[in-house]
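# Close look at the chain arrangement
Single-letter residue listing:
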Amino acid sequence: MDRSDQTCGFSTMCEWESPDYEPTLPVSEKSNPLTRNIDRASADCIVRTLQACDAQMFQEQTEASHQKLLSDQVVKTLMEVAKRVEIILKDPQDSLVVLSGCGTSGRLAFLMATSFNRELRKLNRSLVYSYIIAGGDRALLSSQEAPEDDPRSGVLSLKKVCEGKKQVLFIGISCGLSAPFVAGQLDFCLQHPEVYTPVVVGFNPAHQAKDEPIPGCTFTFHSVVQRMQELSKSQVAFLINPTVGPEAISGSSRMKGGSATKILLDVVLSAAHAAACTNTPVTYEGILQHMRAYDKTLDITYAKTEGMTALVEAAGRSLRCGSRVCYLGWGSLAVLGLIDASECDPTFGADYEDVRGFMSGGYRNLSNNEGPLTSLGPQFCISHEDFLRSVLPYLSDQDTILLIFTRSDDVTEVAKLARRVREKTSNLHAVYHHTDGDTAAAEQGDISNLCLSTLNVTWPTPASRSFLLMQWELSTKLLLNAVSTGAHILKGKVYRNHMIDVQVTNSKLYRRATRLLQKLSAHPESKCEEALLRAIYRVDKLTQDITSSDMTAHTLTARKRTKVVPLALVVLLTGCALSEAESHLEQQPIVREAVEAWLS
Ligand code: F6P
């Protein structure tokens, strides 16, 4: 494929904000005009395009635009929520702050709840944070989309963590303001205001919250948000919903949605901690300054475009030839590796072996609710020892291994692991975060000598250690999102800027897939849904059984299938039988190429 730099002209920064731009879609599902041809871009251009997309997070609000991260109303709401957390920190008896979400939103809820609890433990204070993730702890490491559709299990898990509590600040995260799991929890909070104060975090204007009926419920996400909007006037509920622009890969909320979630909640919880533990009051200026510092985090990270490009190229080469990419991380940066790897399956139809994360200390250091999950299967083996035992022996130069560590980690241990990996493959790389005042340990030099590329990210000496760690985490998230997204683009897993091989495993993904087929084939919705069902059930003619089943049955069947959307698209565009489409895709797995070859 001729990968060019043609997508790197960024003249249309705000085209997506025009009311005429994809008017039926919420911001979080729109396609980003900046990335229209990202599937044909070079690695360098992919990185620079992602940088431009991420920069949209910090755009200023204009008169015509929706509220943004730095908008006055957003900053004020963050202050109010921080003050609620402060109250709980000062009087933690029978109180709790719960962070909840699905997929990456739940994984980030986990990361923040455990990180801020760790801070409290260091200060000998009561731990006040709990996390909930749809599908339970297995969803921290693997894709579990079906539970996202289940509001009842959302409520049950909330009741369980809050048993006996008299005051709960509930923070429900759904980037698209769409997950029924979170809607159920918010509705429950609204019904029990004597205990619960609900906060919703998402990245669409309130009127764009999902209004699709939820089976068995009288509310939709939209109606819950409307009630919360009303109650927010008396500060009984809070909405944090700036827009951050469409995702680089349409609907891939793990990217900007996840980054913005982390920025907002890190800012809120840090401000609350400073207020409760060091008597630094929560102020408007303080919140604003902290948010702006994250803008710098983006600059510092993307100043390393060249190094990022080298990583994207290496990872892309590995995936293209059926080899793997492994992240070997330390501390919370390793968790970001686990999170990044876990989303490749639903987003790109990847196998769990394609991109994997490993963490020093494994479950000993993960601090998840359910403890070790290794008995669930190889996908849940996450320690470096697991890597040495089950992956290292099979490595070759075609696999890409990435070490992720900071100056605070045990560099001798990193060097030791690097030497072991180097015996099997030369395709070893490193990301190393440190501050400008650090003197490099001798081992650091050794590690660089062992690696094909080292991305040294140098940070200004910070006002606080915990803020430095949060910056490293966000920076690592951006880097790894770029590596895994870029590598899958180079593998041909993106069509224009859409996830063409998305798993159709819940209602949101089913609707997204149908919409994508409509857009790419220009056929009516009914025909596209029919093609989608044919690809899910692998039949050329739909039976009465299939057409009378509900969406849950379809998504359950889709879980067992691969290449559902690519097959449906080829069938729609060419009119061929499923078996023909299957063999065509086997010969040409890059869907855009497959379709164009056929049509020409
Ligand atoms: O359905 C899967 C998924 O799209 C994940 O990729 C994503 O992280 C998760 O849903 C959560 O979405 P939201 O934050 O919009 O509820």
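Every chain is numbered independently, its residues counted from 1 as its sequence is written. Restriction of local features to residues with pLDDT of at least 70 applies here, the model being predicted, together with a cutoff of 80 or more for giving and counting side-chain atom pairs; totals for whole chains, interfaces and linings are based on all residues. For the side-chain quantities, the full set of heavy atoms in the structure was used; hydrogens and water were omitted.

Per an unreviewed UniProt entry, the protein goes by Glucokinase regulator and derives from Seriola lalandi dorsalis.

## Things to note about the overall build of the protein
Rule in force here: Numbering of helices and strands starts at the N terminus; helices are DSSP runs of H or I of at least 4 residues and strands are runs of E of at least 2. Here the radius of gyration uses the C-alpha set of atoms, whereas the globule reference equals 2.2 Å times the residue count to the power 0.38. Type-normalised accessible area, obtained with a 1.4 Å probe on protein chains alone, sets the label of each residue: buried when under 20%, exposed when over 50%, and partly exposed for intermediate values. It only takes one pair of heavy atoms within 4.5 Å for two residues to be counted as in contact. Residue-level accessible areas treat just the shown protein chains as cover; the underlying method is Shrake-Rupley with a 1.4 Å probe. Charged-residue counts in this description rest on Lys and Arg as positive and Asp and Glu as negative, His and the chain ends being excluded. The atom standing in for a charge is NZ when the residue is Lys, CZ when it is Arg, CG when it is Asp and CD when it is Glu.
In terms of regular secondary structure, the protein is built from 24 helices and 12 strands. Computed over C-alpha atoms, the radius of gyration of the protein comes to 23 Å, within 12% of the 25 Å expected from 2.2 N^0.38 for 600 residues, which places it in the range of a compact globule. Taking all 600 residues of the protein together, 60% fall into the buried category. Considering only contacts in the protein between residues 6 or more positions apart, those separated by 24 or more positions represent 77%. Element-wise, carbon and sulfur atoms account for 49% of the exposed surface of the protein, whose accessible area totals about 22800 Å². Taking the average place of the 61 positive charges on the side chains of the protein and the average place of its 68 negative ones, the gap between the two points comes to 2 Å.

## What to know about the sheet that holds strand β1 (residues 95-101)
Strands belonging to one sheet form pairs held by backbone hydrogen bonds; the direction of such a pair is parallel or antiparallel. Condition: Strands are treated as partners if at least two bridges between them are detected by DSSP. Angles shown run from 0 to 180 degrees and are taken between the N-to-C directions of axes, each axis being a line fitted to C-alpha atoms and, for helices, limited to the stretch in contact.
One open sheet accounts for five strands, arranged β2-β1-β3-β4-β5; its pairing is parallel. Strand pairing shows two members of the sheet lacking a second neighbour, β2 (129-133) and β5 (238-240), which therefore form its edges. Within this sheet the neighbouring strands show an average axis-to-axis angle of 20 degrees, counted without direction. Note that β1 and strand β3 (residues 167-173) share seven bridges and pair parallel. Counted as the bridge partner of Ser95 is Gln167 from β3. In this fold helix α6 (residues 180-191) packs onto β1, β2, β3 and β4 (196-201), with an angle of close to 150 degrees to the strand it touches most, β4.

## Topic: the pairing of β4
Here is the rule we go by: Note on handedness: a clockwise path from strand one over the helix to strand two, with the strands aimed away from the viewer, defines a right-handed crossover.
The element β4 is largely enclosed, with a buried count of six among its six residues. Strand direction decides the pairing type here: β3 and β4, joined by six bridges, are parallel. Among the inter-strand pairings, Ile171 is bridged to a residue of β4, identified as Val199. The parallel pair β3 and β4, bridged by α6, forms a crossover whose chirality is right-handed.

## Let's talk about the state of the cysteines
The condition is simple: Defined by distance alone, a disulfide is two cysteine sulfur atoms within 2.5 Å.
For the coordinates displayed, the defined rule picks out zero disulfides. Its sulfur unpaired, Cys175 is 9.9 Å from the next cysteine sulfur, which belongs to Cys102. Distance from the sulfur of Cys381, which forms no disulfide, to the nearest cysteine sulfur (Cys326) is 13 Å. You can call Cys381 buried: its relative accessible area is 13%.

## A few points about the site of the ligand
In plain terms, the rule: When we say a residue is near a molecule or strand, we mean one of its heavy atoms is within 4 Å of it. Two N or O atoms form a polar contact when they lie within 3.5 Å of each other; inside protein one atom must be a possible hydrogen donor and the other a possible acceptor, and for residues adjacent in sequence the pair counts only when both atoms belong to side chains.
Around the ligand, a shell composed of 16 residues is seen, among which Thr104, Ser105, Ser174, Cys175 and Glu343 lie nearest. Note that an oxygen atom of the ligand is positioned 2.8 Å from one of the backbone N or O atoms of Thr104. With the chains in place, 95% of the 390 Å² that the ligand exposes on its own is no longer accessible. Broken down by secondary-structure element, the contributors of at least two residues to the shell around the ligand are α3 (103-122) and α18 (507-521). Looking at the shell around the ligand, the element that brings in the most residues is α3, giving three residues.

## Some words on the UniProt feature "domain: SIS" (unreviewed entry) in the protein
Spelled out, the test is: UniProt positions are given in the numbering used here, feature names are shortened, and annotations may be inferred rather than shown by experiment.
Here the UniProt feature "domain: SIS" (unreviewed entry) sits at residues 85-278 and 315-493. Annotation note: span residues 85-278, helix share 45%, strand share 14%, distance between end C-alpha atoms 14 Å.

## Some points on the pattern of salt bridges
What counts, and what does not: Any carboxyl oxygen of Asp or Glu that lies within 4 Å of a side-chain nitrogen of Lys or Arg is treated as forming a salt bridge with it.
Within the structure shown, the criterion is met by 28 salt bridges. Across the salt bridge formed by Glu17 and Lys68, the nearest N and O atoms sit 3.1 Å from each other. Of the two residues, Glu17 sits in the segment before α1 (43-55) while Lys68 sits in the loop between α1 and α2 (72-90), which places them 51 residues apart along the sequence. Residue Glu17 shares its accessibility class with Lys68, and that shared class is buried. Of the charged contacts, one joins Arg48 and Asp44 as a salt bridge, the two residues approaching to 2.7 Å between their closest N and O atoms. Taken together, the positions of Arg48 and Asp44, both in helix α1 and four residues apart, correspond to about one turn of that helix. Shared partners join several salt bridges into a network, and the residues in it are Glu29, Arg512 and Arg515.

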